[in-house]
Amino acid sequence: VIKRHFTKFAAVALALIGVSAQAATPLQLSSDVFVEKQVTRKDGSRTVVLEKPNLVLPGDNLVFVVKYRNTGTATASNFVVTNPLPSAVAFNGTSDGLEIVSIDGGANWGILGAMRVKQADGTVRAAEHRDVTHIKWNLNQPLTAGAEGKLIFRGVVK
Amino acid sequence: MMTNQNAFQRPESARFIRSGLSYVALAFASLAVATPAFAAGTLAGTDIDNVAEATYDTPSGPVTIQSNMVRIKVDELLDVTVVTTDPGDITTAPGATGNVQTFRVTNTGNGEEAFRLTGNTVVGGDDFDPALTQIVLDTNGNGIYDAGVDTVYVAGSNDPVLQPDQSRIVFVITSTPVTVINGNRGTSNLLAVAVTGSGAPGTSFAGAGQGGGNAVVGTTGADADANSFLAVQAASLALVKSATIVDPFGGNRPVPGAIITYSLVATISGAGTLNNLVITDPIPANVTYQTGSLTHEAATLTDAVDADVGNFNGTRISVAAGNVPAGQTRTVTFRTIIQ
């Protein structure tokens, strides 16, 4: 009986530790997605606006925005942001070009241009945007207290 | 789904590259296997969920955090194509029934969709209007019209339901008016329209999409049609009769005892084949048929009804020339004596 109670207590304690660790996180990460919509102005000219979509269509251009912010008091180092691409989205580049990518589900990483894809007929071709499965940014400088920024990448609904 | 080649294994394509630099670059590249995708795009109703993850080091160790999840749903695109799979004009003949013209309807949208079919045979720019008998769905999927096996289409009752990228073969069955002549062409048209809706590209039907999203008309307008042509191949016959006279005195006067040689030339023109051509000619009054003088294509025929194709029954000659292709002639001759 005592043993069972102890186990239960330990589980509760562990859960509490988990919660407090979460609450103490000095970094916040948020994800947003926008869709590019062509709109026609009153004078007939066309422009592209970003909308917050609930529904999209194949071929729609999406803009993903990942915001980060150090809300703590300590400096965070080795800050790395990873974004697995939703399977229905084809990668279409980042705004800064500083990313490394994976085309195999996150097992291997590198610059897209150095990667190769084996095709069904056995031939090998250079990897393309559509092959990307994960995007990663290694931010080299330490993230001091209060520092914030955003990472932007584009995708197309397959 | 993805496999990796050993990073240090030399890729096939690098075998003939002599530059050491290129070799190193390729050797360290990871290899992934390409995966096929739907031509129509992501399936309607698919959720696109995005979560970013970050890791960083703190004095108490590495920490991993996740962002909020953003979810967007993929709408249904309504698109369709129709093509004829007939290799060219379908041959028909005056009064022919059961002309079969074949079409392929393909759902090029990204959701399951039913399509309403309409056959139209009153199309401008052709020589005649075939009469629409029925539209038949290739139920057994063999691409060939099987009368009584494939299901007759009834609009609104068995509209074909197609998955994205899926096709259905549809047969349009028509008949040809008796009044057509060789070389006439007639058009049959098959129209397919998405049941959910059609119209200008971009038109949206709220909540009508598969998976709970909207249904949006794609670039095809969610309707498509195609033409297939019937071409009449009809043979026609011209029969020309001529006579030459040889009198007993070496001249060509029609006197008693003179011999008249009649020549009947049947010329088949147009296209196709004229079947069961029979040439008959009554013997005129005041002349007597000369026994054993009947010929067909320069071959002598007996007068009796027997194995050969010709006979004389006392009042007329008759030659069964059989099936004669267009562009050919058949010549029958016989002799008579003026009484």
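Position labels on residues start from 1 in each chain and follow its written sequence. All chains are assigned letters beginning at A, and all ligands numbers beginning at 1, according to the order in which they are written. Thresholds applied to this predicted model are a pLDDT of at least 70 for local features of residues and 80 or more for the giving and counting of side-chain atom pairs; totals over whole chains, interfaces and linings are not thresholded and use all residues. As a rule here, side-chain values come from all non-hydrogen atoms in the structure, and water together with hydrogens is ignored.

1. So, the overall build of chain B
And then number 1: Looking only at helices and strands, one finds 1 helix and 27 strands in chain B.
And then number 2: When the accessible surface of chain B is summed, it comes to about 16700 Å², and 55% of that surface belongs to carbon and sulfur atoms. Helical segments are the DSSP runs of H or I of at least four residues, strand segments are the runs of E of at least two, and each set is numbered from the N terminus. Surface accessibility follows the Shrake-Rupley procedure with a 1.4 Å probe radius. Residue values consider only the protein chains on display as shielding.

2. Topic: the overall build of chain A
And then number 1: Scanning chain A from N- to C-terminus turns up 1 helix and 11 strands.
And then number 2: The N-to-C order of helical and strand elements in chain A reads α-β-β-β-β-β-β-β-β-β-β-β.
And then number 3: For each residue, the accessible area found with a 1.4 Å probe, counting protein chains only, is set against the maximum for its type, and the residue is called buried under 20%, exposed over 50%, and partly exposed in between. The burial tally for chain A puts 37% of its 158 residues in the buried class.
And then number 4: Should any heavy atoms of two residues lie within 4.5 Å, those residues are considered in contact. Nonlocal contacts in chain A, meaning residues at least 24 apart in sequence, comprise 70% of its contacts between residues at least 6 apart.
And then number 5: Carbon together with sulfur atoms contributes 56% to the accessible area of chain A, which is approximately 9100 Å² in total.

3. A few points about the confidence of the model for chain A
Residue and element names in this part refer to chain A.
And then number 1: Across chain A, pLDDT averages 83, with 84% of residues at or above 70.
And then number 2: Confidence, expressed as mean pLDDT per element, reaches its minimum in chain A at helix α1 (residues 2–23) with 44 and its maximum at strand β7 (residues 100–102) with 95.
And then number 3: Residue-level confidence of the predictor is summarised by pLDDT, bounded by 0 at the bottom and 100 at the top. Counted against residues more than four places away or in other chains, residues 6–23, with its pLDDT under 50, gives 0 contacts.

4. Some words on the pairing of strand β14 (residues 167–175) of chain B
Residue and element names in this part refer to chain B.
And then number 1: Burial analysis of β14 places 7 of its 9 residues in the buried class, which makes it a mostly covered element.
And then number 2: For two strands to count as paired, DSSP must find a minimum of two bridges between them. Bridging between strand β9 (residues 99–107) and β14 involves 8 bridges; their strand directions are antiparallel. Note that in β14 the partner of F103 across the bridge is V170.
And then number 3: As paired elements, strand β11 (residues 131–137) and β14 share 6 bridges and run antiparallel to each other. Directly across from A131, in β14, lies its bridge partner S175.

5. Topic: the packing of aromatic side chains
Both the distance between ring centres and the angle between the ring planes are used here to describe each pair of aromatic rings.
Residue and element names in this part refer to chain B.
And then number 1: Only the six-membered ring of Trp is used, alongside the rings of Phe and Tyr, when aromatic pairs are assigned; centres must lie within 6.5 Å, and planes under 30 degrees apart are stacked while those over 60 apart are edge-to-face, with the rest tilted. In this structure the tally under the stated criterion is 8 aromatic pairs over all chains.
And then number 2: Consider the rings of Y289 and F334, whose centres lie 6.4 Å apart with planes at 45°: the pair is tilted. Note that Y289 is positioned in strand β22 (residues 287–289) and F334 in strand β27 (residues 329–338), a separation of 45 residues in sequence.
And then number 3: Note on Y289: relative accessible area 8%, which makes it buried.
And then number 4: In textbook terms, an aromatic cluster arises when at least three aromatic residues are bridged by ring pairs, as seen for Y262, Y289, F312 and F334.

6. A closer look at the interface of chain B and chain A
And then number 1: Residue-level contacts link 40 residues of chain B with 47 residues of chain A.
And then number 2: In what follows, salt bridge is the name for a side-chain nitrogen of Lys or Arg lying within 4 Å of a carboxyl oxygen of Asp or Glu. The interface formed by chain B and chain A includes 0 salt bridges.
And then number 3: For the purposes of these results, a polar contact is taken to be a pair of N or O atoms within 3.5 Å, where, inside protein, one atom must be able to donate a hydrogen and its partner to accept one; residues adjacent in sequence count only when each atom of the pair is a side-chain atom. Joining chain B to chain A, the criterion identifies 10 residue pairs in polar contact (both at pLDDT 80 or more).
And then number 4: Counting only elements with at least two residues in the side of chain B that touches chain A, the list comes to α1 (20–27), β1 (31–33), β2 (47–50), β3 (53–58), β4 (61–66), β5 (70–74) and β6 (76–78) of chain B.
And then number 5: The element best represented in the side of chain B that touches chain A is β3(B), accounting for 5 residues.
And then number 6: Looking at the side of chain B that touches chain A residue by residue, the classes come out as 20 nonpolar, 14 polar and 6 charged. Amino acids outside the nonpolar list (Ala, Val, Leu, Ile, Met, Phe, Trp, Tyr, Cys, Pro) and the charged list (Asp, Glu, Lys, Arg) are all regarded as polar, and Gly is one of them.

7. Brief notes about the pairing of strand β18 (residues 223–232) of chain B
One face of the sheet, then the other: side chains in a regular strand alternate in exactly this way.
All names here are of chain B.
And then number 1: The pairing of strand β8 (residues 90–92) with β18 spans 3 bridges and is parallel. Bridge assignment links T91 to a residue of β18, and that residue is A231.
And then number 2: As judged from the 9 bridges shared by strand β15 (residues 185–194) and β18, these two strands associate in the antiparallel manner. When the bridges of β18 are listed, L191 appears paired with D225.

8. Some remarks on the environment of B:D89
Residues and elements named next belong to chain B.
And then number 1: Locating D89 in the fold gives a position in the loop between β7 (80–84) and β8.
And then number 2: Considering only alpha carbons, one finds D89 and T187, 98 residues apart in sequence, at a separation of 9.6 Å.
And then number 3: For D89, the residues in contact, after removing those within four places along its chain, are R185, F229 and A231.

9. Some thoughts on the sheet that holds β8(B)
All names here are of chain B.
And then number 1: An order of β8-β18-β15-β10-β13 is seen for the 5 strands of this open sheet, with the pairing classed as mixed. Of all the strands in the sheet, just β8 and β13 (161–162) have a single pairing partner and so form its edges.
And then number 2: Sheet topology note: the strand β10 (residues 113–120)/β13 ladder contains 2 bridges and is antiparallel. The residue of β13 that forms the bridge with A114 is V161.

10. Regarding the confidence of the model for chain B
For any part of a model where pLDDT is low, the fine detail of the predicted coordinates should not be relied upon.
Residue and element names in this part refer to chain B.
And then number 1: Confidence in the prediction of chain B, expressed as mean pLDDT, is 88, and 88% of residues score 70 or more.
And then number 2: Of the regions scoring below 50 in pLDDT, residues 1–30 engages in 39 contacts with residues more than four places distant in sequence or in other chains.
And then number 3: Note on the complex model: pTM 0.69, ipTM 0.77.

11. Here's the deal with the side chain of B:T333
Residues and elements named next belong to chain B.
And then number 1: Counting through the fold element by element, T333 comes out in strand β27.
And then number 2: Under the relative-accessibility criterion, T333 is labelled buried at 19%.
And then number 3: Apart from residues no more than four positions distant in its own chain, T333 is found in contact with Y262, S263, S293, L294 and T295.

12. Examining the layout of surface pockets
One water molecule sets the probe size; rolling that probe over the atoms shows where empty space is left.
And then number 1: The rule is simple: put a 1 Å grid over the protein atoms alone, call a set of points where a 1.4 Å probe fits but cannot get out a cavity, call an open set with protein on both sides within 12 Å along at least five of seven lines a pocket, and count a residue as lining if it has an atom within 4 Å of a point. Grid points are joined across faces, edges and corners, and a volume is the space filled by probe spheres set on the points. Taken as a whole, the second largest pocket holds about 520 Å³ of empty space.
And then number 2: Along the wall of the second largest pocket there are 22 residues; nearest its centre are A:K37, A:L57, A:D60, B:G202 and B:V216.
And then number 3: Only β1 (27–40) and β3 (55–56) of chain A together with β17 (215–217) of chain B provide two or more residues apiece to the lining of the second largest pocket.
And then number 4: The greatest single-element share of the lining of the second largest pocket, amounting to 3 residues, is contributed by β1(A).
And then number 5: Looking at side-chain class alone, the lining of the second largest pocket contains 9 nonpolar, 8 polar and 5 charged residues.

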